[in-house]
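For reference, the chains in residue letters:
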Amino acid sequence: MFFLQNTKRFIRYITCFPRQCRCKSDAAFESKKHRIKHGPSLKDFIIQSTGASDVPNHPPHIPYLPENYGDTSKRKVYFDVYGCQMNLSDTEIVWSILQKEGFEKTEKEEEADIFLVMTCAIREGAENKIWNRLDHLRGYKRRRSVSRNRHKPIKIGILGCMAERLKEKLIEKEKAVDVVAGPDSYRDLPRLLALTESGQTAVNVLLSLDETYADVVPVRLNQNSVSAFISIMRGCDNMCTYCIVPFTRGRERSRAAASIVDEVRHLADSGVKEVTLLGQNVNSYRDVTEQSGRSDTQLATGFKTVYKSKKGGLRFADLLDKVSSVDPEMRIRFTAAHPKDFPDEVLQVISERPNICKMLHLPAQAGSSSVLERMRRGYSREAYLRLVAHVRAVIPGVGLSTDMICGFCGETDEEFEETMTLMDIVDYNVAFLFPYSMREKTTAYRRYKDDVPDEVKKERHARMIEIYRRKCQRLHEAEIGNVHLVLVEGIVPKTGQILGRNEHYIKVVFDDVEIPSGEGNRGVKPGDYVGVRILSAKSSVLTGVALYHSSIGEFYKDYGWADRGLLREQNA
Ligand code: 5AD
Ligand code: SF4
C-alpha cells in the first residue's frame, strides 16, 4: 500500500520536475521515459516522503540542483496579491523565504526584476482579473526587454490557487510566464527563480500532505499595520460540491500549536494589536502532537461530515485558549468556522475571554435545505438556524457574518426565496455575496448542470445585496448613542479623519482630537483603543466622536463577559 501510494506521488513529482539535462528536443524531454531516466530516483523520493534522513523534507534541499543554478541575490520582487486573507498570509511566507535567500522587495513596478502574482481560482471573475493583470505584465515585459538600460529581462511568477489549477497549461497559454508554483511549493521558489536566470521556465505544483510552513516566520508586507493574519491550517477536506479549494489547496492539515503561539507572541512583542487565525474550517483544527485531554461537544442533531471525525490531539478551543492568553490586550479573530462542526467548547472560550472578538463567520451558503444538500454542506436550514440561536444564547451580543451563493445548479425561485428569508431572520452584520460560478473538477461540474441563466443569477445577487444593506443599515442605526471600543488602524486619506474597527469589524470613523488618557489628554495613533460614541450610521461604516483612551481590560471591566454586548454605556 505504501509503495502504491508513493509510486503515484513519485510519478506526479517527476512530471513537475524542471529541466536539468542536455536532451536536445522538447519532445524528447517531455517523454515519460526521459523523465524517469533523468529525474530523481525512487530512493530520493522515498527519502523525501518519509523524512527518513538528515535531508529536510522539502525543496530546495533536494540533492539534484542543476549546474546552471543562476544568481538571484538582490533581485527585486514586486508582489501582486489577489483573493482571500489566506493569500495575503501566504505571500508573507513567500516573502520570508525569498528575503532569506537575498531577494529584495519593491513597491515600484519600474524597479522590479521579478513580478510574483499570488492568485485566486475560486470564481471565474477572480481569474479574469488575473488574466487582465497578466496582459499588462506581458506588455510591460516586452517593453522592458527592448529598453537599453536594463541588463536582465523581468521574470513573471504565478503562485497560488490558479497556478495549482492550471499547472503547466498556464505557461502554454501565457507565454510571458516563467514560474508556476502551487500553494505547497513556496520553499522551492528560490530554486525555481534561479532556473529562470538561464532562460528556462519552471513549474512545481506538487501538493503535500504535511506542509504547513510551521518553521517559516512570515515577514509582514505592511510592517505598520496594527493587525496580522496567521494561517493555522492549510487545505480543506470538506468537498462542498461547488468549491475548487480542495483541489487547489489539497488535503487539510494543521500547523503545530507551539509554532502558532510563538508567532502570536512575536507579533505582540512587535506592537501588533489584532491577529486573525485563518483556516478553511478552523473547527476541525487538530494538533496531534499535543494532547488536550478533552473532547468536543456539538449540537446533537442535523449536522454531518464527509470525513471521519478526529480523535485526540489539541483542538481549536484549546488553541484559542492558548493564543488569547498570550496578551490580554491583543484582539483575536478567526475565520472560517464551518457550521457543521461548531463545538460548544469554542463558544465557551469566546464568551469567557474579553480579547476574543464576539464576531463569528458562519458561512451558510444558502437558505434552502435542498440546495444545501446539493452543495453537500452537511446541514439543513433548520439545523443552521438552531445553531444561530444556540450561538446567540451562549454569547449575547455576538455579531455574525456569512458567505452566500445564489444561482447554484438547479436553484429554483422558491429555493432562492429561502436564502432571502434566512438572511432576513439571521440579521447578519457582514455578508459576502456571490453569484455561482461553475468550476471544473468539482463534483457540481461532474454531477449537475449550471442551468440558472446569468441574468437570473445577476438579479438574485442584486436582491441579496439589497436586503443585506437594508438590514445592516437598521442594525447600525440601533447603535447610535452607544459607545464602542475601537482599535485605531490609521487615517481616512480623503478626509483626514481617524479610521478604526469595532469588535464586529465594522469601520468606525471619527475626528482627530485630543482625548483623556491615564496621563492627561493626548491625540490618537494607530494601535490605540478608543471609546467612541456612535453618532450616525451607514450600512458599511459608523461615524462617532472619540471620548477617551481605553484598553480591553478597562473597557469591559464593569461587565460580566457572558452578558455583554458591544456597548459600555447606553444613552449616557
Ligand atoms: N461560485 C461562487 N462562489 C463560490 N464560493 C466558493 N466556490 C464558489 C463558486 N464556485 C464562495 C463560497 C465560499 C467563498 C470563499 O467563496 O461562498 O465560502
Ligand atoms: Fe470550499 Fe467548502 Fe472547503 Fe469552504 S469548506 S473551502 S466552501 S470545500
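Quick notes on the rules
Residues numbered from 1 in each chain as written. Chains lettered and ligands numbered in written order. Predicted model: local features only at pLDDT ≥ 70, side-chain atom pairs only at ≥ 80, totals over all residues. Heavy atoms only, no water. UniProt positions renumbered as here; feature names shortened; annotations may be inferred. Pairing = 2+ DSSP bridges. Helix = DSSP H or I, 4+ residues; strand = E, 2+ residues; numbered from the N terminus. Axes fitted to C-alpha atoms, helices over the stretch in contact; angles between N-to-C directions. Contact = heavy atoms within 4.5 Å. Salt bridge = Lys/Arg side-chain N within 4 Å of Asp/Glu carboxyl O. Buried < 20%, exposed > 50% of the residue type's maximum accessible area, 1.4 Å probe, protein only. Core = buried A, V, L, I, M, F, W, Y, C linked by side-chain atoms within 4.5 Å.

Per an unreviewed UniProt entry, the protein carries the name CDK5RAP1-like protein and comes from Bicyclus anynana. What UniProt states about the protein under its Function (unreviewed entry) heading is, verbatim, "Potential regulator of CDK5 activity." Here the protein is described in UniProt, under the heading Sequence similarities (unreviewed entry), as follows: "Belongs to the methylthiotransferase family. MiaB subfamily."

Colleague: Provide a residue-level description of the sheet that holds strand β7 (residues 227-231), including the pertinent values.
Modeller: A sheet is described by the order of its strands in space; here three strands give the open sequence β7-β10-β13, paired in parallel fashion. A strand with exactly one partner marks an edge of an open sheet, and here the two such strands are β7 and β13 (331-335). Going from strand to strand, the sheet's axes swing by 20 degrees on average, the running direction of each strand aside. Taken together, the five bridges between strand β10 (residues 274-278) and β13 define a ladder with parallel strand orientation. If you follow Leu278 over to β13, its bridge partner there is Thr335. Along the sheet, helix α5 (residues 85-100) makes contact with β7, β10 and β13, crossing β7 at roughly 85 degrees.

Colleague: Before we move on, can you summarise the pattern of salt bridges with the specific residues and values?
Modeller: Close approach of charged atoms lets side chains of opposite charge pair. Taken as a whole, this structure holds 38 salt bridges when the rule is applied. Linking Arg191 and Asp188 is a salt bridge whose minimum nitrogen-to-oxygen distance equals 2.6 Å. With respect to class, Arg191 is no different from Asp188; both count as buried. A salt bridge links Asp413 to Arg460, with the shortest nitrogen-to-oxygen separation between them at 2.8 Å. Taken together, the residues Asp413 in helix α16 (residues 413-426) and Arg460 in helix α18 (residues 454-477) connect sequence positions 47 residues apart. Judged by its relative accessible area of 48%, Asp413 is partly exposed. Classification of Arg460 as buried rests on a relative accessible area of 6%. Three or more residues are tied together by salt bridges with common partners; here these are Asp90, Asp184, Arg234, Arg249 and Arg253.

Colleague: I'd like a description of the nonpolar core, backed by residues and values.
Modeller: Judged by nonpolar contacts, the single largest core of 89 residues is most densely connected at Ile232, Phe316, Leu320, Phe334 and Phe510. At six residues, helix α11 (residues 257-269) tops the list of elements feeding residues into this core. Those residues within four positions of Ile232 in sequence are excluded, and the remaining contacts are Ser254, Arg255, Ile260, Leu277, Leu278, Val282, Tyr285, Phe316 and Leu319.

Colleague: Go over the sheet that holds strand β19 (residues 507-510), please, and point to the residues and values.
Modeller: Pairing is mixed in the closed barrel, where five strands are placed in the order β17-β18-β19-β23-β22. Direction aside, neighbouring strands of the sheet carry axes that sit 55 degrees apart on average. Relative to strand β23 (residues 541-550), β19 runs parallel, the two sharing four bridges. By the bridge assignment for β23, Val508 is matched with Leu542.

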